[in-house]
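So the chains spell out like this:
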Amino acid sequence: MAKLPALTDAEDLVALNATVDGRLVAVSARGSRRNGLPGLRVRVHLHEAGDGWRPMALTGVTIAPNKVDLLPDGNFLLVQSRCVRRPFEPVPDNAQVFNASGQAVRSFRIGDGVEHLAIDEPGTIWVGYFDEGIYSGDPLSAGGLTRFDEYGRQLWTYWPPSGFDHIATCYALNVSARTAWAYYYTGFPLIRITDTEAKPFPPGPVRGARAVLIHDNVVIFIGGYGKQHQLTECRLRDGIIVEHGPAAITPLKRINLVSTRGSRLYVQTTDSVFEADLADC
């Protein structure tokens with residue numbers, strides 16, 4: 001799909017994501033990233049065509065970002081995974097929005113322990129959390145999966161249906177135009193969320209997958225306990241997950257995940273990003 005953006009020797013690539021409409025967005029930083037210290041210099045890179053990227057320096061950065069996505073109005077959302085309160089201080093914001101000129105326009109708190117960040121077509125922000133955030137006492141993280149609007153107002157949080165456990169860690173989150181899929185520990189059920197309606201599928205044959213791809217009734221689980229780069233094809237049939245067999249992406253042997261968007265998988269090699277679409281298979 002593209003080569004990675006060109007960076008200076010002093011920069012690190014700290015975030016990379018695929019947007020809901022299939023574009024790539026990346027963040028690079030130089031200087032100290034601990035606690036968003038003033039020495040941090042951050043650039044955002046938006047993929048345009050071929051190997052071309054449009055870099056932009058950001059001003060007013062107050063976080064150490066490691067997640068990024070693009071809002072429908074063209075603004076960039078940057079997120080810092082951890083949001084830890086210091087003694088006798090208020091809980092800091094860990095999300096910032098920057099306009100197309102690179103200027104900070106607003107900030108808000110999006111919860112502690114951000115594992116997954118994805119924005120859907122209407123501009124809803126979906127966040128999946130890992131265990132340290134879920135059990136941190138932060139109410140925004142406690143449900144394990146939360147939706148926000150573009151101003152950081154909480155719209156919905158996951159509550160397990162009867163017979164299913166709560167989220168202890170959100171292992172995988174796949175957000176397409178208007179549907180989200182989540183896969184989580186404990187138990188590893190697969191949950192389809194449309195608007196605020198959650199449809200659960202009981203745990204299938206794969207435990208510990210890192211990502212899921214979805215097309216119609218076909219599900220590809222990426223990874224699993226003891227098989228990090230294995231792909232397992234399954235079917236959604238009569239409300240359950242049925243194993244179909246192994247799958248493969250030629251010529252890749254290792255899956256260094258960038259993100260999944262519906263049927264589309266984005267993976268990273270040393271210098272490039274590749275896209276594979278389950279709908280084309």
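The shown structure was predicted, so the numbers you read here are calculated from the model rather than taken from an experiment.

Caption draft 1: Fine view of the nonpolar core. Within the largest apolar cluster, 30 residues are counted, with the highest numbers of intra-cluster contacts made by Leu77, Ile110, Ile125, Trp126, Val127 and Leu145. Sorting the residues of this core by element identifies β7 (76–79), β8 (95–98), β10 (114–119), β11 (125–129), β12 (145–148), β14 (169–175), β15 (179–185) and β16 (190–194) as the ones contributing at least two each. For Val127, the contacting residues outside a window of four places in its chain are Ile110, Val114, His116, Leu117, Gly144, Leu145, Thr146, Phe148 and Leu173. Counting 18 residues, the second largest nonpolar core, distinct from the first, contains Val27, Ala29, Val44 and Leu70.

Caption draft 2: Representation of the pairing of β7 in the model. The alternating pattern of β7 places Phe76 and Leu78 on one face and Leu77 and Val79 on the opposite face, and all of these are buried. As judged from the 4 bridges shared by strand β6 (residues 67–70) and β7, these two strands associate in the antiparallel manner. From the neighbouring strand, Asp69 faces β7, where its bridge partner is Leu77. Count of turn residues in the β6/β7 antiparallel hairpin: 5 residues, of which Gly74 carries a positive phi of about 90 degrees. Across 4 bridges, β7 lies against β8 in antiparallel orientation. Looking across to β8, one finds that Leu77 is bridged to Val97.

Caption draft 3: Quick peek at the pattern of salt bridges. The final tally for this structure, using the stated rule, is 13 salt bridges. Across the pair Arg82 and Asp112 runs a salt bridge, and its minimum N-O distance is 2.8 Å. Here the residue Arg82 occupies a position in the loop between β7 and β8, and Asp112 occupies one in the loop between β9 (104–108) and β10, the gap between them amounting to 30 residues. When the shortest N-O distance is used, the salt bridge between Arg264 and Glu275 registers 3.7 Å.

Caption draft 4: Fine view of the sheet that holds strand β18 (residues 211–215). One open sheet holds the 4 strands; their spatial order is β18-β19-β20-β21, and the pairing between them is antiparallel. Whereas interior strands pair on both sides, the edge strands pair on one side only; in this sheet they are β18 and β21 (240–247). Recorded for the sheet is a direction-independent mean angle of 25 degrees between the axes of neighbouring strands. Pairing of β18 with strand β19 (residues 218–222), which is carried by 5 bridges, proceeds in the antiparallel orientation. Within the sheet, the bridge partner assigned to His215 lies in β19 and is Val218.

Caption draft 5: Broad picture of the packing of aromatic side chains. This structure, assessed with the given rule, holds 10 aromatic pairs. Centroid distance Tyr171 to Tyr225: 6.5 Å. Interplanar angle 90 degrees. Geometry classified as edge-to-face. With a gap of 54 residues between them, Tyr171 in strand β14 and Tyr225 in the loop between β19 and β20 (231–237) connect regions that are remote in the sequence. Tyr171 sits in the partly exposed class, given a relative accessible area of 25%. Judged by its relative accessible area of 49%, Tyr225 falls in the partly exposed class. Clustering of aromatic rings is evident, with ring pairs tying together Tyr171, Tyr183, Tyr185, Phe188, Phe221 and Tyr225.

What counts, and at which threshold
Residues numbered from 1 in each chain as written. Predicted model: local features only at pLDDT ≥ 70, side-chain atom pairs only at ≥ 80, totals over all residues. Heavy atoms only, no water. Core = buried A, V, L, I, M, F, W, Y, C linked by side-chain atoms within 4.5 Å. Buried < 20%, exposed > 50% of the residue type's maximum accessible area, 1.4 Å probe, protein only. Helix = DSSP H or I, 4+ residues; strand = E, 2+ residues; numbered from the N terminus. Contact = heavy atoms within 4.5 Å. Pairing = 2+ DSSP bridges. Salt bridge = Lys/Arg side-chain N within 4 Å of Asp/Glu carboxyl O. Axes fitted to C-alpha atoms, helices over the stretch in contact; angles between N-to-C directions. Phe/Tyr/Trp six-rings, centres within 6.5 Å; stacked < 30°, edge-to-face > 60°.

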